[in-house]
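# Tertiary structure, described
Here is how the chains run, residue by residue.
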Amino acid sequence: MLQKLSISNYALIDDLEISFDSGLNILTGETGAGKSIILGALSLILGQRAESRYFFNQQKKCVIEGTFKIDSFHLKSFFEENDLDYEAETVLRREIAADGKSRAFINDTPVNLPSLKLLGERLIDIHSQHATLEINDPEFQLLVVDSVAKHDELLTDYRAKFKAYKKSTAKLTQLIEESDKAKADLDYYQFQFDELERASLDADEQEKLEQELYALNNAEEIKRNLLSATYLMNDGDAAALVQLREANQQLASIEKFNPQVEELQQRLNSAIIELKDIAAEVENIEQRTHTNEERAVDINVRLSLIYNLQKKHRLNSNTELLQLQSELSDKIQQAIFGDEAIEQLKQQIELDKKELEQLAGQLSANRAKAIPAIETNILQSLAEMGMANAGLKIEQLAVGHNSPPNGGGLGANGIDTVRFLFSANKGHALAEMSKVASGGELSRLMLSIKSLVAKNTALPTIIFDEIDTGVSGEVANKVGQIMEQLANNLQVITITHLPQIASKGQSHYFVYKDDEGATTYTRIKQLNEPERVLEIAKMLSGDKPGESALQNARELLAP
């Protein structure tokens, strides 16, 4: 439900805030006072296009903000899919700069306009006498039937399984395409796989071979330098170890005179031991280093094979070649054994289809059972609102066909859909509602439908914009009663000029113009009980109501 609406710098509104009740909210006021302006502002947070020429002050930005209580509308999935923070009280905000640039927010998170519009449509339903809204939408018409059929769990189960079924059929198509391609390319894949398998590649082989070849190509220089290092450390008259041993003896001879010398002598002795180890290892490496032209040739041959394979397949490493080998193996297996997997999936799909057809049959039967009650209920409601000669027929059709159920395939909601055919007058053929009903008739029809659906499922806030045009007297009173009943199940906001409807409201808001100096403002205030009596009396008899009109107003407002 819409808890609060804040409007800043829009049309004749400088700054305005309205808090709405959960039941029936009435908006009244003289023509041109700004009731439609408020709806226009509200439409901005529902994703409608904005124009800066409607700003109150062209130098400031326009800000519209609506606070909604959404915990009963099962919208958590919408927030998860759009990566938004879910809040039981959610705030939609629209900011339009003076240059026309617009920004939209949901719970202070920036969103694009389509996302704002998508959420807004699930929170508020604005209906005027000139708009058919979703009344001709097949999905809405099916929602009406399903809400009365009361098979939510069955429908949810069907939809989940239908989604999985469609995923499986898409997978089957993919497998068949891959299998056909694999069969056509089997010889080519086998040739490439055999070539890679014969190569017996290892992931780290290339790097190791390149290092070994580099050492073989430089063996003479390596051996020469190792011999020189051994000579300098150990073999020459001025070898490092000879010099260090001499220095060690000199320190040993004087260590008794100075404790510090003893420590230094010990450290030097450790260095001699470490250098002897280094010299021994260098000598060992030198003895193992030798030229091997035959091994170098073998390595070059092996590396040439690896380089050619990488170049052929446009890859950069043995790891990538091994990955390709694995993929080729999968394709070969697909070509050889793919038919088996396809057949298994076909069998599973057939089982899933039979289960779906069974569930869809139950849905279809439930709908067929609910349709007569829906027709009767809506026609009774229309008769009470002055449309006693109206006719309504709900056709149950197969998905994608103009034929009875079971003549088509499976759809997202079962094997059938529905179509509402309507006639507002006696003797006229039934047809689609938008073709045979006026704005006022469509509004009363929508009111009847919404009243029925609201008894069975959670609906968004509905706003009726002067749908009472063309009715008066007892019919107007009945329209008001139906709105009052509707408000027991959802929030209703109604703009009206009829006192019979205005008197039914739980809360009554008066919209008026306020002239301050050279500027006109649109204002709104919630009326208390005495103010409501006076306003309804004015609606009955004019600006200066007499005692009779005041008494009539009190009677209308009486419980």
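What counts and how
Residues numbered from 1 in each chain as written. Predicted model: local features only at pLDDT ≥ 70, side-chain atom pairs only at ≥ 80, totals over all residues. Heavy atoms only, no water. Helix = DSSP H or I, 4+ residues; strand = E, 2+ residues; numbered from the N terminus. Pairing = 2+ DSSP bridges. Axes fitted to C-alpha atoms, helices over the stretch in contact; angles between N-to-C directions. Phe/Tyr/Trp six-rings, centres within 6.5 Å; stacked < 30°, edge-to-face > 60°. Buried < 20%, exposed > 50% of the residue type's maximum accessible area, 1.4 Å probe, protein only. Lys NZ or Arg CZ within 6 Å of the ring centre and 35° of its normal. Polar contact = N/O pair within 3.5 Å; in protein donor to acceptor, adjacent residues only side chain to side chain. Contact = heavy atoms within 4.5 Å. Salt bridge = Lys/Arg side-chain N within 4 Å of Asp/Glu carboxyl O. Left-handed = near helix turned anticlockwise from the far one by under 90°. Expected span 1.5 Å × (residues − 1). Arc of directions from axis to C-beta.

Located in the positive-phi region is asparagine 107, a residue other than glycine, with phi close to 50°. Along the chain, the position of asparagine 107 falls in the loop between strand 6 (102-106) and strand 7 (109-111). The phi torsion at serine 200 lies on the positive side, around 45°, for a residue other than glycine. The residue serine 200 is located in the loop between helix 6 (186-199) and helix 7 (205-217) in this model.

The sheet built from 6 strands is open, its strands ordered 2-1-4-5-6-7 with antiparallel pairing. Of all the strands in the sheet, just strand 2 (13-19) and strand 7 have a single pairing partner and so form its edges. Put simply, the sheet's adjacent strands are angled 15° from each other on average, direction ignored. Bridge analysis of strand 4 (residues 62-69) against strand 5 (residues 89-96) gives 8 bridges, and the strand direction is antiparallel.

With that out of the way, let us pick up the packing of aromatic side chains. In total, this model carries 7 aromatic pairs according to the counting rule given. Geometrically, the ring pair formed by tyrosine 158 and phenylalanine 162 is stacked, given 5.9 Å between the ring centres and 15° between the ring planes. A residue pair is termed a helical-turn pair when its members lie 3 or 4 positions apart in one helix, as tyrosine 158 and phenylalanine 162 do in helix 5 (residues 152-184) at 4 residues. Accessibility classification places tyrosine 158 together with phenylalanine 162 in one group, the buried group. Every member of this aromatic cluster is reached through a ring pair, and the members are Phe78, Phe79 and Tyr86. Cation over ring: arginine 93 sits above phenylalanine 105, and NZ or CZ is 4.2 Å from the ring centre. The positively charged end of arginine 523 is found above the aromatic ring belonging to tyrosine 521, 4.4 Å away from the centroid.

Every second residue of strand 13 (residues 492-495) is oriented toward a common face, with Val492 and Thr494 on one face and Ile493 and Ile495 on the other, all of them buried. Pairing of strand 3 (residues 24-28) with strand 13 involves 4 bridges; the strand directions are parallel. Looking at the pairing, leucine 27 lines up with isoleucine 495 of strand 13. Two elements, strand 12 (residues 461-465) and strand 13, share 4 bridges in a ladder whose sense is parallel. In the strand pairing of strand 13, isoleucine 463 is matched with isoleucine 493.

In this structure, serine 115 sits in helix 3 (residues 113-121). Judged by its relative accessible area of 14%, serine 115 falls in the buried class. Within polar-contact distance, the side chain of serine 115 engages the side chain of asparagine 112 at 2.7 Å. Setting aside anything within four residues of it in sequence, one finds serine 115 in contact with Phe78, Asn82 and Ile106.

Moving on, we get to the pattern of salt bridges. Applying the stated criterion across every chain yields a total of 18 salt bridges. Its salt-bridge partner being glutamate 395, residue arginine 419 comes within 2.6 Å of it at the nearest N-O pair. A residue pair is termed long-range when its members are at least 10 positions apart, and arginine 419 in strand 10 (residues 416-423) and glutamate 395 in strand 9 (residues 391-398) qualify at 24 residues. The class for glutamate 395 is partly exposed, based on a relative accessible area of 23%. Where salt bridges share partners, they join Lys61, Arg93, Glu95 and Asp108 into one cluster.

With their axes 8 Å apart at the nearest point, helix 17 (residues 529-541) and helix 18 (residues 547-557) run at an angle of 115° to one another. Here the hand of the crossing between helix 17 and helix 18 comes out right-handed. Every residue of helix 18 that contacts helix 17 at Glu529, Arg532, Val533, Leu534, Ile536, Ala537, Leu540 and Ser541 is listed here: Ala549, Leu550, Asn552, Ala553, Arg554, Leu556 and Leu557.

Let us now look at the sheet that holds strand 11 (residues 431-432). To summarise the sheet geometry, strands pair through backbone hydrogen bonds and adopt either a parallel or an antiparallel arrangement. What the 3 strands build is an open sheet, ordered 9-10-11; its pairing is antiparallel. Both edges of this open sheet fall to strand 9 and strand 11, since each of them pairs with a single strand only. Direction of pairing for strand 9 relative to strand 10: antiparallel, over a ladder of 8 bridges. Paired with leucine 392 across the strands is phenylalanine 422, a residue of strand 10. Strands in contact with helix 4 (residues 138-149) are strand 9 and strand 10; relative to strand 10, the strand with the most contacts, it is inclined by about 95°.

Under the 1.5 Å per step criterion, the end-to-end length of helix 11 (residues 293-313) is 30 Å for 21 residues, consistent within 8% with the ideal 30 Å. Within helix 11, burial applies to Ala296, Ile299, Leu303, Ile306, Leu309, Gln310 and His313. Taken around the axis of helix 11, the buried residues stretch over an arc of 155°, which confines them to a single face. With respect to the buried face of helix 11, the exposed residues turned more than 90 degrees away are Glu293, Glu294, Val301 and Lys311.

Scope: geometric values only; no functional claims are made or implied.
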